[in-house]
Amino acid sequence: MPRFTFGEWVESAVDWLQSNLTWIFDAIKAVLGGMYDGVNAVLSGGEPLLMAGIFAVLAFWLRGVVPAALTFVGFALIDSLALWDEAMATLSLVFVAAVITIVIAVPMGIWAARNNKVSATLRPVLDVMQTMPAFVYLIPGVMFFGVGVTPGVIATIVFAMPPGVRMTELGIRQVDGELVEAAEAFGTTPRDTLTRVQLPLALPTIMAGINQVIMLALSMVVIGGMAGAGGLGEKVYAAITQLQVGLAAESGIAVVILAMYLDRMTGALNERVSPLGRRAAAKAAAGARRLKFTHYKPGTAVAMVGVVVLALVAGGLNFAGSGKDKGAQADGTNVGQGQKINLGYIPWDEGIASTFLWKELLEQRGYTTDIKQLDAGPLYSGVARGDIDFQTDSWLPTTHKDYWDKYSDKLDDLGSWYGPTSLELTVPSYVKGIDSLDDLKGQGKKFNGKIIGIEASAGMMGTLNEKVLKEYGLEGEYEVVSSSTSSMLAELNASIKKKEPVVVTLWSPHWAYGKHDLKKLKDPKGAWGKGEDVHTVAHKGFAKKAPAVADWLKKFKLTEEQLTSLENEIQAAGQGKEQDGVRAWLKKNPGLVDKLAPLPAGAGGAAQGKDAGKTVNLGYFPWDEAIASTYLWQNMLEDRGYSTTVKQLDPGPLYTGLAQGQMDVQFDSWLPTTHKDYWDRYKDDLTDLGSWYGPTSLELSVPSYVKGIDSLDDLKGQGKKFNGKIIGIESSAGMMGTLNEKVLKEYGLEGEYKVVSSSTSSMLAELNRSIKKKEPVVVTLWSPHWAYGKHDLKKLKDPKGAWGEGEQIHTVAKKDFPKDFPELTGWLKDFELSEAQLASLEVEIQKGGAGKEKESARRWMDANPDVIDELAPVGS
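Okay, so let's go over this structure. In this text, all values refer to a predicted model and were calculated from it rather than measured experimentally. (Residues numbered from 1 in each chain as written. Predicted model: local features only at pLDDT ≥ 70, side-chain atom pairs only at ≥ 80, totals over all residues. Heavy atoms only, no water.)

**Digging into a nonpolar patch on the surface**
Piece 1. Taken together, the side chains of Phe95, Val99, Val103 and Ile104 make up a nonpolar region of the molecular surface, amounting to roughly 340 Å² of accessible area.
Piece 2. In this structure Phe95 comes out as partly exposed when scored by relative accessible area, which is 48%. (Patch = residues over 30% accessible without salt bridge, like charges linked within 9 Å, V, L, I, M, F, W, Y side chains within 5 Å. Areas by Shrake-Rupley, 256 points an atom, 1.4 Å probe, with all protein chains shown as cover. Salt bridge = Lys/Arg side-chain N within 4 Å of Asp/Glu carboxyl O. Buried < 20%, exposed > 50% of the residue type's maximum accessible area, 1.4 Å probe, protein only.)

Okay, structure coming up:
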């Protein structure tokens, strides 16, 4: 039979949906996420024991005294296990998914009960929904909605829908036909027949269906945890993948308590809403002879009062607690200012260690964090979509090659922080005579013909099957058993306890080498290839979202000794206390926080200058390089502990203010030509601190897409291409006189070109308009100018030197400036910016807009974190 490529059709359909209907998925995600957040805020907002009391009151109303007491004990146990937040998150997910499912399932069941064609159509659809492995639902869920709550809710709705539809249809169809006929005979409308006859009689069956919907929804919590839905599912998943038996038991008990509560309460709800149920409950209570108080159930009004009172108390305590938290916040070094960073990790030891390390570092630096454990596929997908900001456990170029190839255009590699790693096959040291991969040949029976592997999707598994086995002639003799990392470690641990031979896939670094006495099998043929590096990978745009964090991550390094000791500290702390382990490790490594996450300038991390506390009066006139350099120095001086004032003035008043000592310094003296008159007039009362940029230049420029025009010589004979125009600036500008009187004559362009006088802003607008339309244009420009950072432009060469020599931009201060500010004088004498630095700074300030120059300069500094130590060094 030919291969039926059904899977390829599905992938094509998914790709089309991703490309064309993203807006729908985003809307669904926003709605479901909003519903979940709202419910979770209510359930997790109060004090746990008061919320347990509310659940107990509901149980008292529905079931009686004993169930109420057991409810309180059960939820108190969840709180004592430190799983309250996770349990409420799970309950929120179940509630949202169940409500949506019931709203859809019950009407569909009614429709199917009243229409045989609808019933016949729905039946196979429901069969597929009910029998399809639940894991399959997560794949499109993650692809369409990213990691988080939404794919968990979607998968839960699909999985839990069938019993709701089927039981509703069954309940209505089982209503005695004679009753329906009697109702119709008395002239009852079909609508009233449904609502007054069929639904009340079918209600016990419908409620049984709703009970099953809720139970199935709860059964999906672990699968939802694999997609980052959080809650108890994430805890159970973490326990499974990390072989944490204790955590698995605790999380499992919490799930059981929730399941029993929901099952009993939804079952009892039938007694409250169904006439038949109320009649049966009343009969049972009347027949009770002993312990009648145990059958007492308060009225709805009484129960409601109890719930409201407890809710108000819980809300009041929560409000008071939140007020205290606000008062106890930040310590002056709150760099992140509460910005949220989402981290994800694969449950590999170095991933756990590095992720919780960065969680602690970021929180110490004033960020808030959210952390999710995911499998490699959902993790890479989540980072690519931007749901996860970064992850620190990308093994490249081999292990995670497939994921990198698939998502690389949406990811940024922030560099390697550990390496080289190594992949290997390993045996316990008591297995004698097996020291190399060569030694495995002919020894298959000793190991039952098996090599215990990890996840089939891991790159090392592909290398093992496709290269290592072939290279050493082990094909046919050994079967590579795909499992999971946790299963492989469990098999290794079990074999060691029994002293049985076993060969497993492992890698370095790994804590198993510290726990067990193992041998790495030598690879004389180099089949495993070179060692890999462990990289940090972020989504595109993360560096703009959090430039300081991105810079820290780019410089992040750990030695093998540091990583091993960190992993051991986390192992010693135990499951669920990874961050405590990190804190203990950081205490043993003082100074590492400042090394790994140095405080950016302005966040309390910049050392104070010798003259800290002095006030420096800065002045500037509104030229781009003056604005950029002035606000850059304002930020740097404040970081060094100086006070500053900044004033914008025209050149005349500014030079006068400097000469009179009213202003201290300005950064935009163009010498020896442009500001010659001012310098000649005031030079006896000024100090020239030297040039920080130069030479400047005047030029004509064209967009880079204008081919064949690279020099002023090339303009001759090309006037029609530019409509015979050179777009100039203000007619009073000195460069306009030089252009008309010298440049045009020198290159024979008179008559062919007309210089259009306008303004600097009009010239830039014309340049921008032409670039958008890809039209040829030639404009007057000068260097430095931010336009060269924003657009791809060509400066036309001036082989005849018609523009004259370029100038230098100097820092000029008042006469006594060196005496008043000796430290700052030294900094300013050494001050230099490259053309690329100045252009990027000017572009950042342009983006920020008027009135936000200081904040824009700060963003540029954050993206260039070494600049303050380079330009304003503080000696030890």
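**Quick notes on the packing of helix H27 (residues 624-639) against helix H35 (residues 835-848)**
Piece 1. Running from N to C, H27 and H35 cross one another at 90 degrees; their axes reach a closest spacing of 9 Å. Between H27 and H35, the angle falls in the class roughly perpendicular. Taken together, the residues of H35 that come into contact with H27 (itself represented by Asp624, Glu625, Ile627, Ala628 and Leu632) are Leu838, Leu841, Glu842, Ile845 and Gln846.
Piece 2. Each residue belonging to the contact of H27 with H35 can be placed in one class, and the counts come to six nonpolar, one polar and three charged. (Axes fitted to C-alpha atoms, helices over the stretch in contact; angles between N-to-C directions. Helix = DSSP H or I, 4+ residues; strand = E, 2+ residues; numbered from the N terminus. Parallel < 35°, antiparallel > 145°, perpendicular 65-115°, else oblique. Contact = heavy atoms within 4.5 Å. Nonpolar A, V, L, I, M, F, W, Y, C, P; charged D, E, K, R; others polar.)

**Digging into the nonpolar core**
Piece 1. Counting 86 residues, the largest nonpolar core has Leu357, Trp358, Phe390 and Phe542 as the members making the most contacts within it.
Piece 2. By residue number, the principal contributor to this core is helix H16 (residues 349-364), which donates seven residues.
Piece 3. If we skip the residues at most four places from it in the chain, Phe542 touches Ile341, Asp389, Phe390, Leu414, Val549, Ala550 and Leu553.
Piece 4. Judged by nonpolar contacts, the second largest core, of 72 residues, contains Val616, Ile627, Val779 and Leu871. (Core = buried A, V, L, I, M, F, W, Y, C linked by side-chain atoms within 4.5 Å.)

**Some points on helix H6 (residues 116-131)**
Piece 1. Its 16 residues place the ends of H6 23 Å apart at the C-alpha level, agreeing with the 22 Å of an ideal helix rising 1.5 Å per residue.
Piece 2. A bend of about 25 degrees at Leu122 is the largest found in H6, and the proline Pro124 appears one to four places after it.
Piece 3. Val118, Ser119, Leu122, Leu126 and Met129 are the residues of H6 that are buried.
Piece 4. Backbone nitrogen of Lys117 and a side-chain oxygen of the N-cap are separated by 3.0 Å at the start of H6; the cap is Asn115. (Expected span 1.5 Å × (residues − 1). Bend = angle between axes of the 7 residues up to and from the residue. Polar contact = N/O pair within 3.5 Å; in protein donor to acceptor, adjacent residues only side chain to side chain.)

**Thoughts on the packing of H16 against helix H24 (residues 560-573)**
Piece 1. The interhelical angle for the contact between H16 and H24, taken along N-to-C directions, is 85 degrees, at an axis separation of 10 Å. Compared by their axis directions, H16 and H24 come out roughly perpendicular. Seen from H16, the contacting residues are Asp349, Glu350, Ala353 and Leu357; seen from H24, they are Leu563, Leu566, Glu567, Ile570 and Gln571.
Piece 2. Taken together, the residues that form the contact of H16 with H24 break down as five nonpolar, one polar and three charged.

**Comments concerning the pattern of salt bridges**
Piece 1. One pass over the full model with this rule turns up 29 salt bridges.
Piece 2. With a closest N to O distance of 3.0 Å, Lys519 and Asp435 form a salt bridge. In this pair, Lys519 sits in strand E9 (residues 518-520) while Asp435 sits in the loop between strand E5 (422-428) and strand E6 (450-452), placing the two residues 84 residues apart along the sequence.
Piece 3. Here Lys519 falls in the buried class, since its relative accessible area comes to 16%.
Piece 4. Taking relative accessible area as the criterion, Asp435 reaches 36% and is therefore assigned partly exposed.
Piece 5. Between Lys555 and Asp866 there is a salt bridge whose closest N-O contact spans 3.4 Å.

**Examining unusual backbone geometry**
Piece 1. In the segment running from Leu396 into Pro397, the intervening peptide bond is cis, with an omega of 15 degrees.
Piece 2. Cis peptide bonds are those with omega within 30 degrees of zero, and the linkage from Ser508 to Pro509 qualifies with 10 degrees.
Piece 3. Take Pro509: it is sitting in the loop between strand E8 (504-508) and helix H21 (512-515).
Piece 4. Unusually for a residue other than glycine, Asn723 sits at a positive phi of about 55 degrees.

**Considering the side chain of Gln391**
Piece 1. Residue placement: Gln391 occurs in strand E3 (residues 390-396).
Piece 2. When its relative accessible area of 1% is taken as the criterion, Gln391 is described as buried.
Piece 3. Ignoring anything within four residues of it in the chain, the contact list for Gln391 reads Gly344, Leu379, Tyr380, Val383, His535, Thr536 and Val537.

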